[in-house]
Amino acid sequence: MEVSTEYAVQMHGITKLFGSFCALDHVDLDVKKGSIHAVLGENGAGKSTLMNILYGLYQADSGEIYINGKKAEIKNPNTAIGHGIGMVHQHFMLVDNFTVTQNIILGNEVTGKFGIIDTKKAREEIIGIVKKYGLEVDPDAKIEDISVGMQQRVEILKALYRGADLLILDEPTAVLTPQEIEELIEIMRSLISGGKTIIIITHKLKEIKASSDVCTIIRRGHSIDTVPVADVDEEQLATMMVGHAVKLVVEKAPAKPGDVIFEIENLTVKNERGLEAVRNLSLKIRRGEILGIAGIDGNGQKELVEAITCLTRAQSGTIKINGVEIQNTTPRNVIDHKVSTIHEDRQRRGLVLPFTVAENAVIEKYRTPEFTRRGMIDRSRMTGFARRLIEDYDIRPAGCESQPVRGLSGGNQQKVIIAREISNEPELLIAVQPTRGLDVGAVEYVHKMLVRERDAGRAVLLISLELDEIMNVADTIGVIYAGSIVASFPQGKVDENTIGLLMAGGRLNETGSEST
Amino acid sequence: MKLAAKVLKKPIASTLIAVLFGFIVAAVVLVAAGYNPGQSFGALFHGIFAKPKYISNVIIKATPIILTGLSVAFAFQTGLFNIGAEGQYIAGAVAAVLVGVKLDLPPVLQIPVVVMAGVLGGTLFGWIVGYLKARFGIHEVITSIMLNWIGLYLSNFVVASGTYHMPNSTSTYPVNPSSYTMLLPNWKTSKAGMAALKPHQWLYEVMLKTDVNFGFLVAVLMAAIIWYLLYRSAKGYELRAVGFNRDAAEFAGINVNKNITDAMVIAGALAGLAGALAITGTAPHKISTLAAFENNGFNGLSVALIAGSSPIGCIFAGLLFGGLLYGGQSVQQDVGAPTEIINIMIGTIVFFVALTKIVPVLAEKLEKRGAGHVQ
Amino acid sequence: MFSKLLLLIGITMMYSTPLVFGALGGVVSERSGVVNIGIEGMMTMGAFTGASVSYFTGNPWLGFLAAGVAGGLVALLHAIASVTFNADQTISGIAINLIGPGFALFFCRLLFKDATMTPPVATLPRLFGEDAFAGTPAANLNVDVTVVLGLIATVFIWFILYKTKWGLRIRSVGEHPAASDTLGINVGRTRYSCVLASGVLSGFGGASMTLAIISQFNPTAISGQGFIALAAVIFGKWTPYGAYGACLLFGLAQALTVVLGGSDSGVSIPSQILAMLPYFLTIVVLILFVGRSVAPKADGLPYEKGER
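Residues numbered from 1 in each chain as written. Chains lettered and ligands numbered in written order. Predicted model: local features only at pLDDT ≥ 70, side-chain atom pairs only at ≥ 80, totals over all residues. Heavy atoms only, no water.

Where an unreviewed UniProt entry is consulted, chain C appears under the name Branched-chain amino acid transport system / permease component, with the organism given as Caproicibacter fermentans. Its UniProt record gives chain C a comment under Subcellular location (unreviewed entry), which states: "Cell membrane". (UniProt positions renumbered as here; feature names shortened; annotations may be inferred.)

Looking up chain B in an unreviewed UniProt entry gives the name ABC transporter permease, with the organism given as Caproicibacter fermentans. The UniProt entry for chain B carries the following text under Subcellular location (unreviewed entry): "Cell membrane".

Shown next, in the form of structure tokens:
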């Protein structure tokens, strides 16, 4: 394509190698001024790498970049900022114990004499931008005290404060509620009418349809196509992204729930700061049933899981598995009562990264007579067990039982955890954000596993921030807000908007008035 | 290229490179200060290998630092930084003296009791650190540093106290000879013993001129035991899981606090054992007033680092260290260069150990580049 | 009683000053994300350099400055290892603790005919001149000028860290280097500056021992102060004032041992038991008041750009 001032950015023939791995192979991207341009691809397709090159975090091995029709050398984020490029990273780049203002001005401070920061002036400047684009946020709040949606606004403000004309948003909706997503799309529109250009990186098809004008699809380091969004439907986009036709809906038979085996009554849990994060929460799960908990991050999901697994004390209330109370005992006791948990933070809570796959596979049962005799671990049994899991769950690379789990891909690490937890033959299987950061194929696999375990008669508790996941997999949907389950329905009885409203603290009988 | 990469990937390669750099830097410093490095290193090696008794003394010198090295290495493997081996060593020596001076049983009983007393002394110090970390979350480095000093003054207190102080000296009474762990301490100085040893000049020199003792064998045995404990036992699995990832271990039902305390107890016991064996195994079999630390524990830190925290590696690193420390004395005697050149050398080795952690990474890159060319 | 109190204050100030400099060094370095366990080695180098430069030039101020330079040079090694090579900062720090005293004693033997101590050297002045208030209890308050320098340095570091743009950047690099990097802040250069500053401060700390308190260098001039300073950093929760307070507390405990150990104190506690007091007290205070202290998030972690 020709270089022209009509375009805010043109990237031509971009190639990037990591060692011998080719992350990008002659990729092209042309973004028209004043448009919202989506870059679609699976995890690992290379879309983040492409944007990191545009933002100067990586250098391309070959290819050219033109900004407003002029060739640009982007050596580091500073030159990118100088060219009016701003980036909102998927994992927010915010200093937790700094205020909003401090985060925004960092590296570009308003100073008086002797380098003293003029906080007052900085605040005024920020409030000016806040008002112009309708980005409500308290400039004096600390980052650790504000919601994820707010944090994202801070990131956008950071870019605008630096005079960005082109904003790159990397997976901006991953952690937002449907309402927050709508707000974000509105903000994007107001930015466009203020003369900005936006590139949005995502693998979510619905949002592309809702927000973008043009979409470029990247697959395994190649640019596949660039299409006007109005001309294609979601299925077509998905096919281009994955390379073959995909089913977007999980296939499952209707649930055949049995007796209630897991029950929480009036549970109250305090968080690290001593505030009640879970309040009077009650729920029940039957055999053969998947209960999905939908909710915005920070509404007590973390504390709920910590209380069930006895990492945190419950202030009051009971947690019963098969009629036995397990609250305020030990993690060991919970495991012994046949509760298995796939934790959302697989690298922090789920795995010991320097341990081998085999060592990780037995972390809950190394003390059992199967693996330990007279205090010594039977290593051949341990590796044998791991080998079976690797085969049964198709963990790759095959024969990795003696390799450190650190070397496995994210999807395979997750498989190790799933295999291990299911091998405990639990009565209750808890899955928290089980598909976070996994690509489409792996997501499908995890969902299939959850359904399989349900069909094997286990109770499954699925907690996810992705509403689509809950809608697709759960048999019963509970909505958590401010530490309580505010409503629950059988799957299929209510639509996504209603649930989204409940997640944001709305009430059912006000649905009609508030959703407008 | 591939072979080079493969060799460089082995941990031992990094260590050897670090040792080489230690010598190079020492040589540069010596030249700059006007000494002949060849001569100096000659004196060093002469001081290590020239006579059987030198070699014996190197091993004796290495014994305590192998054990304190093991203590530090073990703690590293369980995610703890045991900067307190120094204090635990002192506690072990003090406890051994406390019991060994007062008690006089037949050697079969006396030796185990005195050594166990030392082990318990070190264990107590280690336990305090572990308990305070597990119960109150106090950083082990702070408590360890404080306990090092408390140990030093405790030792001086015992030296000065009535029933232990040997008049007209700056030390305690020695422990009773029934506590000695030298090889045949009575026989070798008896007439029969001397007569039997006389024909074997080598043996005669080693036996009579140095304190050949069982400590080194114990140290080697402990290295093997610690290796087995860490990598083969269920307890070791737990300790390492807690060390690598406390959160995951906790989540999997492992009692984190208990393992932190246990790890410090074991680490303390090893350093205490080092202190006890130094009392029972080598002259003067007593403790003296300390003006500053003797560095038996701090040297253990360097040993553990050079060994890459491998229990077996500690044996060799300890011997290297013992050699440098003992042979280093000859550098000053023979060449006149300050013995501190040895400290500079050891420091440089440790410094390059820190740097050479990246050697395997470089090797991997080298390998990948090679692979890239093939494609 | 009143004069005892003044004596206590005077000695507290005296003992805490070398620690204050060392601890400030620790705060600066760790706030930028580099663990500095090598304060002891940097202080020893400073102690020796300060004393010997003062001896040969007769100018203690020159000695004091030279001590800062020497500390900075040692710190340069630590910076090279931990920033340029992303090496293990703990190991590098331990190496510094071997190399620093090694070089100090090596040079000492070279310069002073094989002796491991320097002759007495010209020292820094006292606050109100050498003989002010001589003979009165107030003489106890005529502290070394280094005491005041330590206080000024504390306020200065606080000012830099919390009021200026450089401080904001330093703290951001210690908390979230990747975020700083994306905003165009040079993580490596920031950390280099902080580690070097840490060495300079530690060097001053060493010199405030040899140029004010003991007026010569010897092998035990710096024996453990660097480690106590390290503890003070953690104890003071990585803030300049907190670290200063921790050092004062430690100095006070040492002063108590001196005052209580005096022949006229009327207390008969063995001196060795008294000597344990500061260390014992630190542990007790930690148990009672501090609990878990939280380090800067990226403290001790090398920053590597996200290559695969």
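Turning to the overall build of chain C, a few remarks are in order. Along chain C, the regular secondary structure elements total 11 helices and zero strands. Counting helices and strands in the order they occur from the N terminus, chain C gives α-α-α-α-α-α-α-α-α-α-α. Computed over its C-alpha atoms, the radius of gyration of chain C comes to 20 Å, within 12% of the 19 Å expected for a compact globule of 308 residues. With the C-alpha coordinates of chain C rotated into their principal frame, the extents come out at 70 × 50 × 35 Å. Across the 308 residues that make up chain C, the buried fraction comes to 56%. Within chain C, contacts between residues at least 6 apart in sequence are counted, and of these 77% link residues at least 24 apart. Surface exposure of chain C reaches about 11500 Å², of which carbon and sulfur atoms provide 68%. Of the charged side chains in chain C, 16 are positive and 13 negative; the average position of the first set lies 9 Å away from that of the second. (Helix = DSSP H or I, 4+ residues; strand = E, 2+ residues; numbered from the N terminus. Rg over C-alpha atoms; globule rule 2.2 N^0.38 Å. Buried < 20%, exposed > 50% of the residue type's maximum accessible area, 1.4 Å probe, protein only. Contact = heavy atoms within 4.5 Å. Areas by Shrake-Rupley, 256 points an atom, 1.4 Å probe, with all protein chains shown as cover. Lys, Arg positive; Asp, Glu negative; His and termini not counted. Charge placed at Lys NZ, Arg CZ, Asp CG, Glu CD.)

All names here are of chain A. Strands sit in the order S2-S1-S4-S5 across an open sheet of four strands; the sheet is antiparallel. Looking along the sheet, the strands with just one partner apiece sit at the ends: strand S2 (21-32) and strand S5 (70-71). Sheet analysis places strand S4 (residues 62-67) next to S5, joined by two bridges and oriented antiparallel. Each residue of the ladder has a partner; that of Ile67, found in S5, is Lys70. (Pairing = 2+ DSSP bridges.)

Moving on: the interface of chain A and chain B. With 28 residues of chain A at the contact, the number on the chain B side is 21 residues. Both faces combined, the contact of chain A with chain B buries some 2300 Å², and carbon together with sulfur accounts for 61% of it. Among the residues of chain A in contact with chain B, Arg349(A), Phe355(A) and Tyr366(A) are the three that bury the most area, contributing 24% of the side total. Linking chain A with chain B are five salt bridges. Close ionic contact of Arg240(B) with Glu359(A) constitutes a salt bridge, the shortest N to O distance being 2.9 Å. For the interface between chain A and chain B, the tally reads 15 residue pairs in polar contact (both at pLDDT 80 or more). Of all the secondary-structure elements, those providing two or more residues to the side of chain A that touches chain B are helix H10 (331-336), helix H11 (346-350), helix H12 (357-361) and strand S18 (376-377) of chain A. Here the element with the most residues in the side of chain A that touches chain B is H11(A); it accounts for four residues. (Buried area = accessible area lost by both parts, 1.4 Å probe. Salt bridge = Lys/Arg side-chain N within 4 Å of Asp/Glu carboxyl O. Polar contact = N/O pair within 3.5 Å; in protein donor to acceptor, adjacent residues only side chain to side chain.)

Moving on, we get to the pairing of strand S16 (residues 339-342) of chain A. Residues and elements named next belong to chain A. What you see with S16 is no split at all: Val339 and Thr341 on one side and Ser340 and Ile342 on the other are buried throughout. Strand direction decides the pairing type here: S16 and strand S19 (residues 428-432), joined by four bridges, are parallel. In the sheet register, Val339 faces S19, and the bridge partner there is Leu428.

Here we take up the packing of aromatic side chains. Counted according to the given criterion, the structure contains 33 aromatic pairs over all chains. Through a chain of ring-to-ring contacts, three or more aromatic side chains come together here, namely Trp149(B), Tyr153(B), Phe293(B), Phe298(B), Phe227(C), Phe250(C) and Tyr279(C). When the ring centre of Tyr445(A) is taken as origin, the NZ or CZ atom of Lys415(A), which lies over that ring, is 4.6 Å away. Arg135(B) extends its terminal NZ or CZ atom over the ring of Phe136(B), reaching a point 4.8 Å from the ring centre. (Phe/Tyr/Trp six-rings, centres within 6.5 Å; stacked < 30°, edge-to-face > 60°. Lys NZ or Arg CZ within 6 Å of the ring centre and 35° of its normal.)

What follows covers the interface of chain B and chain C. In this assembly, 45 residues from chain B lie in contact with 43 residues from chain C. At the boundary of chain B with chain C, total buried surface from both sides reaches about 4000 Å², with 83% on carbon and sulfur atoms. The largest per-residue losses of area from chain B upon contact with chain C belong to Met146(B), Trp149(B) and Phe351(B), which jointly make up 15% of the total buried on that side. Applying the counting rule to chain B against chain C returns one salt bridge. Arg109(C) is paired through a salt bridge with Glu340(B); the nearest N and O atoms lie 2.6 Å apart. Where chain B touches chain C, the interface holds two residue pairs in polar contact (both at pLDDT 80 or more). Where the side of chain B that touches chain C is concerned, the elements lending two or more residues are helix H6 (107-136), helix H7 (140-160), helix H15 (296-306) and helix H17 (340-356) of chain B. In terms of residue count, H7(B) provides more of the side of chain B that touches chain C than any other element does, 13 residues in total. When grouped by side-chain class, the residues that make up the side of chain B that touches chain C number 33 nonpolar, 10 polar and two charged. (Nonpolar A, V, L, I, M, F, W, Y, C, P; charged D, E, K, R; others polar.)

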